[in-house]
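Residue strings, one per chain:
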Amino acid sequence: MKLTLPWLSFVATLAVTPNSVLAAMPKSEILLAKLNTEYGLQVSRITNNDVYNNQPLLTKGGIYFTQEVQSEGQSQTDLAFYDFTNKQVTNLTNTAVSEYSPTLTPNGKALSAIVVEADGKQKLWQYPFDDNVKPSRIFEWIEPVGYHAWGAKDDMVMFILGEPHTLQYTQVAAAKPKVVAEHIGRTLTFNHALAAYTFSYSKAQQHWLASYDPQENTVTDLFRLPQTVQDYAFKDANTVIYAVDNVYQRQLNSPEQVSLWLDLTPFCDTNITRISYLNDQLAFVCVK
């Protein structure tokens with residue numbers, strides 16, 4: 001697949017100008033843990049750790065992620081793909097500007113991602129896997145978008161940067177987002193079993209994992225998260241995993257019980273941040 005775009009900023013949690021953001025990119029690497037091999041847990045490095053490698057999206061065929069590219073003293077990010085078959089990384093966009101947060105569209109025919117356009121506005125784009133179809137904006141005017149997650153009915157939620165950051169929901173055809181929650185974190189998911197989105201947010205100086213039901217237009221607090229946890233994933237419809245030094249798991253139906261799931265400290269002795277799980281494999285980011 002070759003994606004092209006005529007024109008990221010790396011967004012941690014705040015909206016700032018691209019130049020200052022790029023200068024602050026942390027060095028990080030992506031690793032892949034295979035859980036149930038004949039040798040037990042096996043961990044391999046997908047990238048090196050001399051630049052920013054982040055936001056992994058684990059799929060059956062490989063891992064999509066955001067990768068820093070440096071040239072002539074300048075730095076930006078492109079979308080990249082690690083292929084499980086040939087164990088090679090391919091730069092998918094290779095543009096003069098930056099893209100980040102690769103996400104599969106519900107029909108599986110494209111990647112959606114955030115792009116900082118020539119005027120500095122962060123907007124949501126789609127990149128078809130069909131080389132004959134050009135990339136295009138999903139929304140012409142909705143910005144600044146930081147992160148996003150697709151739902152089940154051609155709808156989505158978006159992290160809209162601001163003071164405060166807000167979770168906003170819209171049907172794609174309507175393109176009229178409404179504010180669902182404030183002071184939200186950067187991880188957004190859709191849980192098909194719940195028929196609801198999940199996100200984290202802060203209220204009354206506490207950090208919560210919550211769900212949003214678009215049919216009922218209701219937000220439900222699920223359980224409190226550690227204050228430092230920005231990134232989480234679902235191992236299955238009922239099991240949430242997140243990292244605080246090691247990777248822990250909790251059940252939605254019994255959230256008071258927290259257990260160690262994976263000890264990854266032999267492979268990352270600093271900070272584990274973003275994680276992506278699929279089919280007994282975990283892609284995770286180790287920040288240098």
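Please refer to the structure higher up on the page.
Presented here is an overview of the structure given in this document. (Residues numbered from 1 in each chain as written. Predicted model: local features only at pLDDT ≥ 70, side-chain atom pairs only at ≥ 80, totals over all residues. Heavy atoms only, no water.)

Regarding the overall build of the protein chain
Argument step 1. Counting its regular elements, the protein chain contains one helix and 24 strands.
Argument step 2. A compact globule built from 288 residues should have a C-alpha radius of gyration of about 19 Å, and the protein chain, at 18 Å, falls within 12% of that.
Argument step 3. Once the C-alpha set of the protein chain is aligned to its principal axes, its extents read approximately 50 × 45 × 35 Å.
Argument step 4. Here the protein chain holds 288 residues, and 52% of them are scored as buried.
Argument step 5. With an accessible surface of roughly 13400 Å², the protein chain has 47% of that area assigned to carbon and sulfur atoms.
Argument step 6. Of the side-chain charges in the protein chain, 21 are positive and 28 negative, and the distance between the mean point of each set is 2 Å. (Helix = DSSP H or I, 4+ residues; strand = E, 2+ residues; numbered from the N terminus. Rg over C-alpha atoms; globule rule 2.2 N^0.38 Å. Buried < 20%, exposed > 50% of the residue type's maximum accessible area, 1.4 Å probe, protein only. Areas by Shrake-Rupley, 256 points an atom, 1.4 Å probe, with all protein chains shown as cover. Lys, Arg positive; Asp, Glu negative; His and termini not counted. Charge placed at Lys NZ, Arg CZ, Asp CG, Glu CD.)

Observations concerning the environment of Thr85
Argument step 1. Along the polypeptide, Thr85 turns up in the loop between β5 (74–83) and β6 (89–91).
Argument step 2. Residue Thr85 is classed as exposed on the basis of its relative accessible area of 75%.

Quick word on the sheet that holds strand β10 (residues 136–137)
Two pairing modes exist for strands in a sheet, parallel and antiparallel, and in both the strands are linked by backbone hydrogen bonds.
Argument step 1. Strand order in the open sheet formed by four strands is β7-β8-β9-β10, with antiparallel pairing between adjacent strands. Strands with a single pairing partner mark the edges of an open sheet, and in this sheet they are β7 (99–104) and β10.
Argument step 2. In this structure, β7 lies alongside strand β8 (residues 110–116), joined through four bridges in antiparallel fashion. What sits directly across from Tyr100, in β8, is Ile114. (Pairing = 2+ DSSP bridges.)

Focus on the state of the cysteines
Should the sulfur atoms of two cysteines be covalently bonded, the bond is a disulfide.
Argument step 1. Scanning the entire structure with this criterion turns up one disulfide.
Argument step 2. Between Cys268 and Cys286 runs a disulfide, and the two sulfur atoms are separated by 2.2 Å. Because the torsion about its S-S bond is 85 degrees, the bridge between Cys268 and Cys286 counts as right-handed. In this pair, Cys268 is assigned in the loop between β22 (254–262) and β23 (271–278) and Cys286 in strand β24 (residues 281–287), connecting sequence segments 18 residues apart.
Argument step 3. Here Cys268 falls in the buried class, since its relative accessible area comes to 2%.
Argument step 4. For Cys286, a relative accessible area of 6% gives the class buried. (Disulfide = S-S within 2.5 Å.)

Notes on the side chain of Thr187
Argument step 1. Tracing the backbone shows Thr187 in strand β15 (residues 184–191).
Argument step 2. Residue Thr187 is classed as buried on the basis of its relative accessible area, which comes to 9%.
Argument step 3. Of note is the side chain of Thr187, whose polar atom sits 2.8 Å from the backbone oxygen of Gln230.
Argument step 4. Non-local contacts of Thr187, meaning those with residues more than four positions away in its chain, are made with Thr198, Phe199, Ser200, Gln230, Asp231 and Tyr232. (Polar contact = N/O pair within 3.5 Å; in protein donor to acceptor, adjacent residues only side chain to side chain. Contact = heavy atoms within 4.5 Å.)

Some remarks on the packing of aromatic side chains
Argument step 1. By the definition in use, this model includes 11 aromatic pairs.
Argument step 2. Ring centres of Tyr232 and Phe234 lie 6.3 Å apart, and the angle between their planes is 75 degrees; on these two criteria the pair is classed as edge-to-face. A single burial state applies to Tyr232 and to Phe234, both of which are buried.
Argument step 3. Clustering of aromatic rings is evident, with ring pairs tying together Tyr169, Phe190, Tyr197 and Tyr212.
Argument step 4. We note Lys203 situated over the ring of Trp208; from NZ or CZ to the ring centre the distance is 5.7 Å. (Phe/Tyr/Trp six-rings, centres within 6.5 Å; stacked < 30°, edge-to-face > 60°. Lys NZ or Arg CZ within 6 Å of the ring centre and 35° of its normal.)

Quick look at the pattern of salt bridges
Argument step 1. Here the structure, examined in full by the defined rule, presents six salt bridges.
Argument step 2. Its salt-bridge partner being Arg45, residue Glu29 comes within 3.1 Å of it at the nearest N-O pair. In this pair, Glu29 is assigned in strand β1 (residues 28–37) and Arg45 in strand β2 (residues 40–45), connecting sequence segments 16 residues apart.
Argument step 3. Judged by relative accessible area, Glu29 falls into the buried class, the value being 6%.
Argument step 4. Ionic pairing is found between Asp221 and Lys203, a salt bridge with its closest N-O pair at 2.5 Å. Of the two residues, Asp221 sits in strand β18 (residues 218–224) while Lys203 sits in strand β16 (residues 196–203), which places them 18 residues apart along the sequence.
Argument step 5. Accessibility expressed as a relative area gives 27% for Asp221, which makes it partly exposed.
Argument step 6. Among the residues examined, Lys203 registers a relative accessible area of 36% and is labelled partly exposed.
Argument step 7. Ionic contacts of the salt-bridge type, sharing partners, join the residues Glu117, Arg137 and Glu140 into one network. (Salt bridge = Lys/Arg side-chain N within 4 Å of Asp/Glu carboxyl O.)

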